[in-house]
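Spelled out, the chains give:
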Amino acid sequence: MKVYGFQINPAWEDKDENFKKVERLAASIEILPKSLLVMPECFATGFSLNTDVTSLEEPEKSLQFLKNIALKYDSWVIAGIIQNVKGNTYNRAICINPSGQVLPPYDKIHPISLLQENTVHIPGNVVQTWPLGSFHACPFICYDLRFPEVFRAAMVKDVNLFIVIACWPAARMKHWKTLIQARAIENLSYVIGINRTGNDPHHEFSGNSMVVGPQGNILAESAGQETVLETEILVDDVFMWRKQFPALDDISTKFLPGIS
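Below is a summary of the structure that appears in this document. Every value quoted in this text rests on a predicted model; they were computed, and no experiment measured them.

Criteria and thresholds
- Residues numbered from 1 in each chain as written.
- Predicted model: local features only at pLDDT ≥ 70, side-chain atom pairs only at ≥ 80, totals over all residues.
- Heavy atoms only, no water.
- Core = buried A, V, L, I, M, F, W, Y, C linked by side-chain atoms within 4.5 Å.
- Buried < 20%, exposed > 50% of the residue type's maximum accessible area, 1.4 Å probe, protein only.
- Helix = DSSP H or I, 4+ residues; strand = E, 2+ residues; numbered from the N terminus.
- Contact = heavy atoms within 4.5 Å.
- Pairing = 2+ DSSP bridges.
- Axes fitted to C-alpha atoms, helices over the stretch in contact; angles between N-to-C directions.
- 1 Å grid on protein atoms, 1.4 Å probe; cavity = no way out; pocket = protein on both sides within 12 Å on 5 of 7 lines; lining within 4 Å.
- Points joined across faces, edges and corners; volume = space filled by probe spheres on them.
- Nonpolar A, V, L, I, M, F, W, Y, C, P; charged D, E, K, R; others polar.
- Phe/Tyr/Trp six-rings, centres within 6.5 Å; stacked < 30°, edge-to-face > 60°.
- Lys NZ or Arg CZ within 6 Å of the ring centre and 35° of its normal.
- Left-handed = near helix turned anticlockwise from the far one by under 90°.
- Salt bridge = Lys/Arg side-chain N within 4 Å of Asp/Glu carboxyl O.

Turning to the nonpolar core, a few remarks are in order. One recurring pattern in soluble globular proteins is that nonpolar side chains are buried together. The biggest cluster of nonpolar side chains holds 54 residues, and the ones touching the most others in it are Leu36, Leu132, Phe140 and Leu161. Among the elements that make up this core, the one with the highest residue count is strand 8 (residues 161-166) (6 residues). Setting aside its immediate chain neighbours within four residues, Leu161 contacts Leu36, Leu132, Phe135, His136, Ala137, Cys138, Ser189, Tyr190, Ile192 and Ile233. With 24 residues, the next largest nonpolar core counts Ile31, Tyr73, Val77 and Ile81 among its residues.

Encoded structure:
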């Protein structure tokens, strides 16, 4: 499967402008059918905690845009949006398949308290999985990357691909790179980490989106510019490595957290 990671510098709280950014980047490359297109956390607004703006007209506004992209390129599309559900606001990962079907969303389990995100976004409580062609994928959002127990919980569901979408600051970029590789190594899985770049009113971001193989090898990595990170992932590489090094067979399930 071909992977295209859209590393953008989101215009602050400007959804229409950010939709245009994605369209321009998509038009600048050749996207193969049945590929995977991944956009960062809060791709349409940046990491704003102004939920009156970020959740306005959602999910309809962003979903319609993402559906159009999925149908146009006959591909899976994953992106982060903010959505208000019955008065509760969630930092949410959305997945749309090549037919335009919206799969069950994932809600960020760990809103980051350091940045007061937990005061406006309700934490999710489900480790979600999605069928992506021959892959069985699990999404996480930014700060979730620091919590290996949720990744391990996903392994009970036979996941072989993790997608981490993020607004990860440049100040902690060394952690981002190390943790992406660690999650791949310990779970014998692909990890796709798509981060934003540029600046917002509060932080600087350096991009460094990555695709890491099941042995921890970096298959593709971007620098700090707006770009589309391209690579190919093969599910047989996961199966082969897990056969050669069957560490997952030795997991002691009694220590796994009780997350559904």
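Right, let's talk about the sheet that holds strand 7 (residues 135-141) for a bit. In spatial order, the strands read 6-7-8-9-12-13; together these 6 strands make up an open sheet with mixed pairing. Looking at the sheet topology across the chains shown, the edges are occupied by strand 6 (130-132) and strand 13 (218-221). Neighbour-to-neighbour, the strand axes of this sheet turn through a mean angle of 20 degrees, independent of strand direction. Sheet topology places strand 6 next to strand 7; 3 bridges connect them, and they run antiparallel.

Moving on: the sheet that holds strand 4 (residues 88-96). Backbone hydrogen bonds are what pair the strands of a sheet, in a parallel or an antiparallel way. Reading across from one edge, 5-4-3-2-1-14 is the order of the 6 strands in this open sheet, with mixed pairing throughout. The sheet is open, and its two edges are formed by strand 5 (106-107) and strand 14 (227-232), each paired on a single side. Sheet analysis places strand 1 (residues 2-7) next to strand 14, joined by 6 bridges and oriented antiparallel. Along strand 14, the bridge assignment pairs Gln7 with Thr227.

Tallying each qualifying case throughout the model produces 1 cavity of 30 Å³ or more. When its volume is computed, the largest cavity comes out at roughly 50 Å³. Lining the largest cavity are Lys15, Cys42, Ala44, Thr45, Thr54, Glu58, Ser62, Gly80, Ile81 and Ile82. No other element matches strand 3 (residues 76-85), which puts 3 residues into the lining of the largest cavity. Class assignment of the residues belonging to the lining of the largest cavity gives a composition of 4 nonpolar, 4 polar and 2 charged.

For the structure shown, the criterion picks out 11 aromatic pairs. When the ring of Tyr143 is compared with that of Phe147, the centres are 5.1 Å apart and the planes differ by 85 degrees; the resulting orientation is edge-to-face. It is Arg183 that lies over the ring of Phe151; its NZ or CZ is 5.8 Å from the centre.

Turning next to the packing of helix 4 (residues 148-155) against helix 5 (residues 173-187). Orientation of helix 4 relative to helix 5, taken along the N-to-C sense of each, is 35 degrees, at an axis distance of 11 Å. The two elements helix 4 and helix 5 cross, and the hand of that crossing is right-handed. Judged by residue contacts, Pro148, Phe151, Arg152 and Met155 of helix 4 engage Arg183, Glu186 and Asn187 from helix 5. Partitioning the contact of helix 4 with helix 5 into residue classes produces 3 nonpolar, 1 polar and 3 charged.

This part is about the layout of surface pockets. A probe matching the size of a water molecule, rolled over the atoms, marks out where space remains unfilled. Taken as a whole, the largest pocket holds about 240 Å³ of empty space. Lining the largest pocket we find 13 residues, and of these Met155, Asp158, Arg242, Leu248 and Asp249 sit closest to its centre. Only helix 4 and helix 6 (235-244) provide two or more residues apiece to the lining of the largest pocket. Looking at the lining of the largest pocket, its residues break down into 7 nonpolar, 2 polar and 4 charged. Estimates place the volume of the second largest pocket at around 180 Å³. Lining the second largest pocket are 16 residues, and of these Ile112, Leu115, Cys142, Pro169 and Arg172 lie nearest its centre. Its residues placed into classes, the lining of the second largest pocket shows 10 nonpolar, 1 polar and 5 charged.

Taken as a whole, this structure holds 11 salt bridges when the rule is applied. A salt bridge links Glu230 to Lys2, with the nearest nitrogen and oxygen atoms 3.8 Å apart. Placement of Glu230 in strand 14 and of Lys2 in strand 1 is noted, with a sequence separation of 228 residues between them. Among the ionic pairs, Lys21 bridges to Glu226, the shortest N-O distance being 3.0 Å. Taken together, the residues Lys21 in helix 1 (residues 15-27) and Glu226 in the loop between strand 13 and strand 14 connect sequence positions 205 residues apart. Exposure remark for Lys21: the relative accessible area of 14% places this residue in the buried category. One connected set of salt bridges, linked through shared partners, spans Glu41, Lys108 and Glu117.

Limitation: the analysis is restricted to geometry and does not speak to function.
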